[in-house]
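Structural features, examined
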There are 2 protein chains.
Amino acid sequence: MNAVVKRFPLRLDTRGARIDMTHGSGGRAMAQLIEELFLKHFDNELLRQGNDQAAFDVSAGSMVMSVDGHVISPLFFPGGDIGSLAVHGTLNDVAMSGARPLYLSAGFILEEGFPLADLDRIVASMGSAAGEAGVPVVTGDTKVVEKGKGDGVFITTTGIGVVPEGINISGDRAQPGDKIIVSGSIGDHGVAIMSSRENLEFETTIESDSAALHGLVQKMVETVPDIHCLRDPTRGGLATTLNELAMQSAVGMHLVEAEIPMKAAVTSACELLGLDPLYVANEGKLICICSAEDADRLLPVMREDPLGRDSRIIGEVVEDEHHFVQMETMFGGNRVVDWLSGEQLPRIC
Amino acid sequence: MNAVVKRFPLRLDTRGARIDMTHGSGGRAMAQLIEELFLKHFDNELLRQGNDQAAFDVSAGSMVMSVDGHVISPLFFPGGDIGSLAVHGTLNDVAMSGARPLYLSAGFILEEGFPLADLDRIVASMGSAAGEAGVPVVTGDTKVVEKGKGDGVFITTTGIGVVPEGINISGDRAQPGDKIIVSGSIGDHGVAIMSSRENLEFETTIESDSAALHGLVQKMVETVPDIHCLRDPTRGGLATTLNELAMQSAVGMHLVEAEIPMKAAVTSACELLGLDPLYVANEGKLICICSAEDADRLLPVMREDPLGRDSRIIGEVVEDEHHFVQMETMFGGNRVVDWLSGEQLPRIC
């Protein structure tokens, strides 16, 4: 026998093989899956330590932690896949505190029978997204459930980050008189998913806006440390996120429909699909609330960043004991933009 | 209309209602589920901030991060449930670096139709486990998948913790001559789950050993800062964990079967179920590897703790270029204890 023992006599077949229950058993098959698939794409020093936890040094200060589960269907869609989304979604939650994201953990729940080729593609995309963002996946876990007890793959990511000193961004800080900025056109992600699900073809393919916003946020907090609120309007869309902020801050909001950026293709698709774009999920947009003066300083900085090019002031914070979000419509009317009740788009992220 | 707007006109029905797709939509139903179920049981200041991320202060130093997905079936079992397990499992992964766990995140993937009463019970148990451990769940996420695309509830938890200065515990530090300690009887968790799944009745109910080990670990590192390796033998059991450590440290191991603590009921159940207890999962035990001298100092300290009462030295680290784990059997023979190949117990955690 050789001095070097071959742990895995055969290479993992990432072309034809499928996930089976042994990949979740903690034994040799799982070790091979981790080494030949996950480590290949997530390659970094901390993960290679091979311990059940990643260790790293931190400086004293304020830290944030955020978690997001991803159950999107379909797994692959125009503009991304569940892998890139699982990175962007959690990075953005971390970034919305003004923090610089540091590290990610990733928990995979795989369904028996899922093609390894698809898993390989997803993990590769996740690795690329993490690499581009400069935020490595440093610890992970894999579980396998029987066929019919899952749906391909679910990915839960947790991110941690550090908040620069002097930053205090929170959903309860919106004040009457503040301006409401959105960083670009709304509804792209949800409409891309729905079109893909319904096999709808439009003249131009609508792509998800899935993107990591922490670079944009960093420029924003450098320009205006006193940003009051930042939040990404994901599930429930712009309308739900603004209602959350209005409630947390005990204020009302007044929007101007004509100012809300929306792509023509998204508007048409929403009409066709019977969706209200205000409630459609975004994965690469943020809402920023700050003083009017700060908004004027922020806008040019945001517009210089590719992810903030179409930033607009879409309304302002007002006093309102009912915490209503209201909108002046295109036709000069006034509409209450309520919380999403019921379900508009299931499994959109 | 009242000045105080009632957000949820009807209280959440945690007795008769079931999860539906609206609970994952990001709208009003989800907000109510979070407020009236999750916040009730996870009550803490950080979670109540109501932001998409939790912010807290940390000191400079070494930090660890670890993630674990939980897909155990059945959800309720003797000695615990998926909620307490999701807390213990991740706390233990954090603690195995010698760290003091600080905070947990929790991502829930719920199946449409899952009874809210069961969810309430699970989240309550999770809240109690976190409370007892002194490690709060500070940020969470909920997703809902259609009936038949999940299995009741999956919970992915990530924990972070701080490593005391001077501690350097890692799977690659086992050295020839080191002693191998196990903190108590093996196989309890896996056998409890299998008995419960197969509806087996024994004279005494075998309970899972699911428990948070960070208190025990803290006493251990205070006594012996130079512990070389710590790991909890979960999926794949004692055998797989020792093989992992042997491979990481490039050493062999020599075990003495007669020294491995095992409850008589577990031994009998394993015979009946055709299981090898060495490969059966534990959720409240740890393996510690350290010098012979340190082992003598550690044992009395471990035995003082209720979770380490039955600690034993079960073998030692040896030189072996093949990195084999071998065991002197009860009958004086010698057996290679290989990696688990294939699947022994699916969905055991």
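Residues numbered from 1 in each chain as written. Chains lettered and ligands numbered in written order. Predicted model: local features only at pLDDT ≥ 70, side-chain atom pairs only at ≥ 80, totals over all residues. Heavy atoms only, no water.

Named according to an unreviewed UniProt entry, chain A is Hydrogenase expression/formation protein HypE originating from Candidatus Thiodiazotropha endolucinida.

All names here are of chain A. For Asp310, the location among the structural elements is in the loop between α9 (292–304) and β12 (312–318). Measuring from C-alpha to C-alpha, the distance between Asp310 and Val191 comes to 18 Å, with 119 residues separating the pair along the chain. In contact with Asp310, other than residues within four places in its own chain, are Val182, Ser183, Gly184 and Pro261. (Helix = DSSP H or I, 4+ residues; strand = E, 2+ residues; numbered from the N terminus. Contact = heavy atoms within 4.5 Å.)

Moving on, we come to the UniProt feature "domain: PurM-like C-terminal" (unreviewed entry) in chain A. Within the UniProt annotation, "domain: PurM-like C-terminal" (unreviewed entry) is assigned to residues 175–327 of chain A. Helix makes up 37% of residues 175–327 of chain A and strand 17%, with an end-to-end C-alpha separation of 18 Å. (UniProt positions renumbered as here; feature names shortened; annotations may be inferred.)

A separate point is the relation of the copies chain B and chain A. For the pair chain B and chain A, the relating rotation is 180°, the translation along its axis is 0.0 Å, and the fit reaches an RMSD of 0.0 Å. Taken together, the rotation and translation relating the two chain copies correspond to the operation of a two-fold axis. Take the interface residues of chain B: 99% of them recur as interface residues in chain A, which is what a same-surface contact looks like. (Least-squares fit on C-alpha atoms with pLDDT ≥ 70 in both.)

Quick look at the UniProt feature "domain: PurM-like N-terminal" (unreviewed entry) in chain A now. Here, the residues flagged by UniProt with the feature "domain: PurM-like N-terminal" (unreviewed entry) are residues 50–163 of chain A. The span residues 50–163 of chain A shows a helical share of 28% and a strand share of 45%, and its end C-alpha atoms are spaced 29 Å apart.

This part is about the sheet that holds strand β7 (residues 153–163) of chain B. In spatial order, the strands read β1(A)-β2(B)-β7(B)-β5(B)-β6(B); together these five strands make up an open sheet with mixed pairing. Each of the sheet's edge strands pairs with one partner strand only, and the pair in question is β1 (54–58) of chain A together with β6 (137–145) of chain B. For this sheet, the mean inter-axis angle between neighbouring strands, taken without regard to orientation, is 20°. Direction of pairing for strand β5 (residues 100–111) of chain B relative to β6(B): parallel, over a ladder of eight bridges. Looking across to β6(B), one finds that Ile109(B) is bridged to Lys143(B). (Pairing = 2+ DSSP bridges. Axes fitted to C-alpha atoms, helices over the stretch in contact; angles between N-to-C directions.)

Bringing the pairing of β7(B) into the picture now. Residues and elements named next belong to chain B. When you tally the buried positions in β7, you get eleven out of eleven residues, the bulk of the element. Of the pairings in the sheet, the one linking strand β2 (residues 61–70) to β7 comprises nine bridges and is antiparallel in character. The residue of β7 that forms the bridge with Val67 is Thr158. Across ten bridges, the pairing between β5 and β7 is antiparallel. (Buried < 20%, exposed > 50% of the residue type's maximum accessible area, 1.4 Å probe, protein only.)

The next point concerns the interface of chain B and chain A. Residue-level contacts link 85 residues of chain B with 84 residues of chain A. For the pair chain B and chain A, the two sides together bury roughly 6,600 Å², of which 55% comes from carbon and sulfur. Here chain B and chain A share ten salt bridges between them. Between Arg235(B) and Asp141(A) there is a salt bridge, with the nearest N and O atoms lying 3.1 Å from each other. Remark: the boundary between chain B and chain A carries 41 residue pairs in polar contact (both at pLDDT 80 or more). Of all the elements in the fold, those that place two or more residues in the side of chain B that touches chain A are α1 (28–41), β1 (54–58), β2, β5, β6, β7 and α7 (237–249) of chain B. When residues of the side of chain B that touches chain A are assigned to their parent elements, the largest contribution, nine residues, is made by β2(B). In terms of residue class, the side of chain B that touches chain A is made up of 32 nonpolar, 34 polar and 19 charged. (Buried area = accessible area lost by both parts, 1.4 Å probe. Salt bridge = Lys/Arg side-chain N within 4 Å of Asp/Glu carboxyl O. Polar contact = N/O pair within 3.5 Å; in protein donor to acceptor, adjacent residues only side chain to side chain. Nonpolar A, V, L, I, M, F, W, Y, C, P; charged D, E, K, R; others polar.)

Across the sheet, five strands lie side by side as β6(A)-β5(A)-β7(A)-β2(A)-β1(B); this open sheet has mixed pairing. A single partner strand is all that each edge strand has here, and the edge strands are β6 (137–145) of chain A together with β1 of chain B. Neighbour-to-neighbour, the strand axes of this sheet turn through a mean angle of 20°, independent of strand direction. The pairing of strand β2 (residues 61–70) of chain A with β1(B) spans five bridges and is antiparallel. Paired with Met63(A) across the two strands is Phe56(B), which belongs to β1(B). In the packing of helix α3 (residues 82–95) of chain A onto the sheet, contacts are made with β2, β5 (100–111) and β7 (153–163) of chain A, and the angle to β2(A) comes to roughly 145°.

Bringing the side chain of Ser249(A) into the picture now. Along the chain, Ser249(A) turns up in helix α7 (residues 237–249). Sequence-distant contacts of Ser249(A), defined by excluding residues within four places in its chain, comprise Gly171(A), Asp172(A), Arg173(A), Ala174(A) and Cys229(A).

Another point: the packing of helix α3 (residues 82–95) of chain B against helix α4 (residues 116–133) of chain B. Residue and element names in this part refer to chain B. Axis separation between α3 and α4 bottoms out at 6 Å; the angle between their running directions is 35°. Of the residues in α4, those in contact with Ile82, Gly83, Ser84, Ala86, Val87, His88 and Leu91 of α3 are Ile122, Ser125, Met126, Ala129, Ala130 and Ala133. Its residues placed into classes, the contact of α3 with α4 shows nine nonpolar, four polar and no charged.

A few words now on the environment of Val182(B). Residues and elements named next belong to chain B. Looking at the element boundaries, Val182 is found in strand β8 (residues 179–182). The spatial distance from the C-alpha of Val182 to the C-alpha of Leu286 is 5.8 Å, given a sequence separation of 104 residues. Every residue in contact with Val182, bar those within four places of it in the chain, is listed here: Leu238, Pro261, Leu286, Asp310, Ser311, Arg312 and Ile314.

Residues and elements named next belong to chain A. Along strand β11 (residues 287–290), one buried face is formed by Ile287 and Ile289 and the opposite face, lined by Cys288 and Cys290, is buried too. In the sheet, strand β8 (residues 179–182) pairs with β11 via four bridges, with the strands oriented antiparallel. Counterpart to Lys179 in the pairing with β11 is Cys290. As defined by bridge partners, strand β9 (residues 229–231) adjoins β11 across three bridges and the pair is classed as antiparallel. Across the sheet, Leu230 pairs through a bridge with Cys288, a residue of β11.

Inspection of the entire model under this criterion finds 38 salt bridges over all chains. Across the pair Arg173(B) and Asp226(B) runs a salt bridge, and its minimum N-O distance is 3.0 Å. Of this pair, Arg173(B) sits in the loop between β7 and β8 while Asp226(B) sits in the loop between α6 (214–223) and β9 (229–231); the two residues are 53 residues apart in sequence, bridging distant segments of the chain. For Asp226(B), a relative accessible area of 37% corresponds to the partly exposed category. When the shortest N-O distance is used, the salt bridge between Arg335(B) and Asp276(B) registers 2.6 Å. With a gap of 59 residues between them, Arg335(B) in strand β14 (residues 334–336) and Asp276(B) in the loop between α8 (264–273) and β11 (287–290) connect regions that are remote in the sequence. Judged by relative accessible area, which is 28%, Arg335(B) ranks as partly exposed. Asp276(B) sits in the partly exposed class, given a relative accessible area of 22%. Connected through salt bridges with shared partners, the residues Asp68(A), Arg235(A), Asp141(B) and Lys143(B) form a single ionic network.

Its 18 residues give α4(B) an end-to-end C-alpha distance of 25 Å, which sits within 8% of 26 Å, the value for a rise of 1.5 Å per residue. Following α4(B) by one or two positions, Gly134(B) adopts a phi angle in the positive range, close to 70°. (Expected span 1.5 Å × (residues − 1).)

Here chain A averages 94 in pLDDT, while 97% of its residues score no lower than 70. Contacts of residues 1–5 of chain A to residues separated by more than four positions or lying in other chains number six contacts, the stretch itself having pLDDT below 50. (pLDDT = per-residue confidence, 0-100.)

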